[in-house]
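# Coordinate analysis (summary)
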Amino acid sequence: MATLAATDLRPRQLVIEHLSLTIEGRALEDVALGGWVYGPELGTAPVILIVGGITASPFPFGDGQAEGDDPRAPWWPALCAPDLIDPAKHTVLCPSWPGNGSTWKGFDDPDAMDSISVAGLADLVAAWLDGCGCDIPVTWVGASLGGMVGVVFAARHAGRCAKLITISAGLRPDGWGTATRHLQRELVRDGLRNGDVATGMNRARQLGMLTYRGRDELDTRFGKLLPGLDRPPVAEYLDHHGRRFAERFPVKTFLMLSEAIDRGSMADAQAVRDAFEKVSAETVVIGVPGDMLFPWALQVELHRALQAAGADSSLWKLDSLYGHDAFLADQDRLAELLRGAHAFGGELRKAARPRFEGVGVEPVREIRIGMVGCGTVGHGLLEMIERQSKAVADRYGVKFRVSRIAVRDLTKSRGPRADGIPQTDRPLELVSDPEVDVVVEVAGGTAVEATLVAALAAGKPVVTANKELLASKLADLGVLAQRTETPLYCEAAAAAAIPIIRHLSHRADEIDSLWGIINATCNFVMTRLEQGDLSLADAIKEAQRLGFAEAEPDADLDGLDAAAKLSILAYRAFGAWVRPDGFLVRGIRDIDPADCDLAESMGCRIRLIARAVRLNGALDMAVEPLLLPTWHLLASVEEEYNAVYLRCASSGDLSLFGKGAGALPTATAILGDLIDLAQDNSVRWPVPHALAVAREGSAVAPAPRRHYLRITGQPHPGLERKFEGLVRRHGLTVQNRATRGETDRVHLAFMISPSSDAQIAEVTAAVERLARVEQRLCLGVMD
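Quick look at the structure, then. Just so it is clear, the model here is predicted, and its values are computed rather than measured. (Residues numbered from 1 in each chain as written. Predicted model: local features only at pLDDT ≥ 70, side-chain atom pairs only at ≥ 80, totals over all residues. Heavy atoms only, no water.)

With that settled, the discussion passes to the overall build of the chain. A count of helices and strands for the chain gives 26 helices and 24 strands. Over its C-alpha atoms the chain spans a radius of gyration of 35 Å, topping by over 25% the 28 Å that the globule rule assigns to 783 residues. Along the longest, intermediate and shortest principal axes, the C-alpha atoms of the chain span 120 × 60 × 55 Å. The buried share of the chain, reckoned over its 783 residues, is 56%. Of the roughly 33400 Å² of accessible surface on the chain, a fraction of 49% belongs to carbon and sulfur atoms. Averaged over its 84 positive side-chain charges, the chain has a centre that lies 3 Å from the centre of its 102 negative ones. (Helix = DSSP H or I, 4+ residues; strand = E, 2+ residues; numbered from the N terminus. Rg over C-alpha atoms; globule rule 2.2 N^0.38 Å. Buried < 20%, exposed > 50% of the residue type's maximum accessible area, 1.4 Å probe, protein only. Areas by Shrake-Rupley, 256 points an atom, 1.4 Å probe, with all protein chains shown as cover. Lys, Arg positive; Asp, Glu negative; His and termini not counted. Charge placed at Lys NZ, Arg CZ, Asp CG, Glu CD.)

Here it is in structure tokens:
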């Protein structure tokens, strides 16, 4: 427990009366500003000004006599020390809040000034310092509301503030804290209306206590309502603080100061920069990661804003279970932190420091990643973060660090880059972990849905590469992200290194059609089949050996992987959500190396193509192998590369090309999403609108197209003639043909004139009835 330094701690009261002031445009008469002074007379020693939270008394070190629950008992004894704040060598000023030592004419009247902002409070403190005759720049030490007022004081009265130490405060309140304080004020106002102010103040304080302390502390200290108990253990604690607050604290002061916090926001980013450019004080910003009232992110925001404006700021983390009240409940640890920061070391500077005349140097901030999964892509992300650390910091002013990993098997080694990173087998823990700023999911599968939903619901950004989950749940996740205003990124789920989702998300034009090679496994296999020396099975084995195919490649070979990606891309391109079971999906298992030779003889190449095309108010969507003319851009895409070809309403044709598989290409997409997050570069996920899918027999049918039909059978001189006659009987013609012979069979390929899918299905069915036909394959042709 902290004890007071052995020195004379009897404060002297300083009241400046009969002032006339204009505060925030309102004239105040007969103003009395009060406060207390410890230590030497003003003008004979450096001045430290202490301002606490709403309920803080102007006696941080007590009055030399009071103890326990006495209002004049010390509340910050740990900071009273020879190497911190020493009343033997520092003049310590402690102003009183309005209604609690300061007042003005009509303060308690119903029609009197009933609202004030932190700026107004800062001006009142400045007026008190004027009245006291304090012309020495002060060191402002402020906690909670006192820290917020100190920030504004350092900007509005820059010449009067030599140093600013702000603890558990911030540049602004956040929405959750504002909502909580609004409820507190409403409870008090209900009490005023009902004639039971004590109960209103009691309940308001009880609600506040739940925000002042950390969740972990409340859980371990009080626990749950167990069998045999009439009330939960925390009830007595809340009752005690509620009663004491209602008995001692002025209602008007509470309402005014509570609302002052919520009126503490500056207008916009430019107003913040303009204000902070005036700050000449050295600034120490201290925050608590578990603080619910002024979250750690607000401390980071304040620190960054000060540095960006050219101010001298340092950021310090007070690790404590006690949440917002750590500056009181864990003040010994706070004292050690202040010693480490040399917060009160050396002589205070009496002259303003030289100002940086440029635009300010953006500080490098850290974003901490909670990673779900640590397989191939996870290892790739760890490598990319390490490899690109300096470049990312130089370009974007941010560095990324994986602070925790969730994996299924804690006994499995995750490699040297994962050594030393805390691991858990419960991914939901990442959502509540204050050391995690963003959840990055690279585990795959649908079992992680609960974690992503929980993160978005809690306002924690999500980056995912999980195309399987997104194929069925993207619309739900997107709407949740939009409702909670939480970023959701999924670039790595579509085409690895190709930034297609980023392009679609930020486009200014409308997309008429999207055609793409978006499965690296199939494209690698097709390339090997074209080379003629491998069967389909052998080509798959080579893709697996090189890391371009999964151990179980069925989803790739059957087109399901590409279909999942097409669902994601169509949502972004057209605003419509169509699951993979809502359109044609066909893989490459039926393709023979002979098909590649025959297609080449007719000036084409075969590729697995995903398409989504606007067609008469509907979408023509499919994943299927197609013949492409050799001159087409997509026909030249080989090996593990992917490409997306867009036709846009105003900008014409656009294409994107890059690697579509591999640990590092996928990791670059994830890192790109993280950079977007760091730059607040997120986009809306609108509620998807209904678009019919074009299909045979529906109101909108796919457009007729040419088809490739290959027949494999025993050599027979009349087979080709019989097939052409069959085609003519169906009202179609053969436009091109090619032949490839083998020892005991022949492959005949025909290019059929444009037809509907129903027409070509009839032709294909008729081919089955031809004698000596063993196999047949029909593919569409992309012209």
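Attention now goes to helix H1 (residues 118-132). Since the α-helix turns once every 3.6 residues, residues separated by three or four places project in the same direction. Taking 1.5 Å per residue, 15 residues should reach 21 Å; H1 reaches 21 Å between its end C-alpha atoms and fits that length. Burial runs high along H1: 13 of the 15 residues are buried. With a side-chain oxygen positioned 3.2 Å from the backbone nitrogen of alanine 119, the residue opening H1 is serine 117. (Expected span 1.5 Å × (residues − 1). Polar contact = N/O pair within 3.5 Å; in protein donor to acceptor, adjacent residues only side chain to side chain.)

Attention shifts here to the nonpolar core. The biggest cluster of nonpolar side chains holds 79 residues, and the ones touching the most others in it are Ile500, Leu566, Leu627 and Tyr708. If one sorts the elements of this core by residue count, helix H22 (residues 560-574) sits on top with nine residues. Residues in contact with leucine 627, not counting those within four places in the same chain, are Ala599, Cys604, Arg605, Ile606, Tyr708, Met751, Leu779, Gly780, Val781 and Met782. (Core = buried A, V, L, I, M, F, W, Y, C linked by side-chain atoms within 4.5 Å. Contact = heavy atoms within 4.5 Å.)

Attention now goes to the sheet that holds strand S14 (residues 488-489). Here we have six strands laid out as an open sheet, ordered S11-S10-S9-S12-S13-S14, and parallel in their pairing. Of all the strands in the sheet, just strand S11 (423-424) and S14 have a single pairing partner and so form its edges. Contacts between helix H12 (residues 376-387) and the sheet are confined to strand S9 (365-372), strand S10 (398-406) and strand S12 (438-441), with S9 contributing the most and set at about 165 degrees to the helix. (Pairing = 2+ DSSP bridges. Axes fitted to C-alpha atoms, helices over the stretch in contact; angles between N-to-C directions.)

We now examine the pattern of salt bridges. Tallying each qualifying case throughout the model produces 52 salt bridges. Between aspartate 123 and arginine 156 there is a salt bridge, with its nearest N and O atoms 2.7 Å apart. One end of the pair, aspartate 123, is in helix H1; the other, arginine 156, is in helix H2 (residues 145-156), and 33 residues separate them in sequence. The closest approach of N and O atoms between glutamate 624 and arginine 705, which form a salt bridge, is 2.8 Å. Taken together, the positions of glutamate 624 in strand S18 (residues 618-629) and arginine 705 in strand S21 (residues 705-713) put the pair 81 residues apart, joining distant regions of the chain. Of the residues examined, glutamate 624 reaches a relative accessible area of 2% and is grouped as buried. (Salt bridge = Lys/Arg side-chain N within 4 Å of Asp/Glu carboxyl O.)

Over its 20 residues, helix H3 (residues 175-194) runs 28 Å from end to end, which matches the ideal 28 Å to within 8%, given 1.5 Å per residue. Taken together, the buried positions of H3 are Gly177, Thr180, Arg181, Gln184, Arg185, Val188 and Gly191. Viewed along the axis of H3, the buried residues span an arc of 135 degrees, placing them on a single side of the element. In H3, the exposed residues that point more than 90 degrees away from the buried face are Gly175, Arg193 and Asn194. Check the buried side of H3 and you find it contacts helix H4 (197-212) and helix H7 (251-262). (Arc of directions from axis to C-beta.)

This part is about unusual backbone geometry. Of note, the phi angle at serine 144 is positive, near 60 degrees, even though the residue is not glycine. With respect to the helices and strands, the residue serine 144 is situated in the loop between strand S5 (138-143) and H2. Since its relative accessible area comes to 7%, serine 144 is described here as buried. If you check the backbone angles, glutamate 485 has positive phi at about 55 degrees while not being a glycine. The residue glutamate 485 is located in the loop between helix H16 (467-484) and S14 in this model.

Another point: the packing of helix H15 (residues 449-457) against H16. It is at 9 Å that the axes of H15 and H16 come closest, and there the two elements cross at 15 degrees. Judged by the inter-axis angle, H15 sits roughly parallel to H16. Between H15 and H16 lies a crossing of right-handed hand. On H16, the residues touching Glu449, Leu452, Val453, Leu456 and Ala457 of H15 are Leu469, Lys473, Leu477, Leu480, Ala481 and Thr484. (Parallel < 35°, antiparallel > 145°, perpendicular 65-115°, else oblique. Left-handed = near helix turned anticlockwise from the far one by under 90°.)

Turning to its location among the elements, histidine 303 is positioned in helix H9 (residues 296-308). Judged by relative accessible area, which is 11%, histidine 303 ranks as buried. At 2.9 Å, the side chain of histidine 303 and the side chain of serine 313 are in polar contact. What histidine 303 contacts, discounting residues up to four positions off in sequence, is Val285, Ser313, Ser314 and Leu315.

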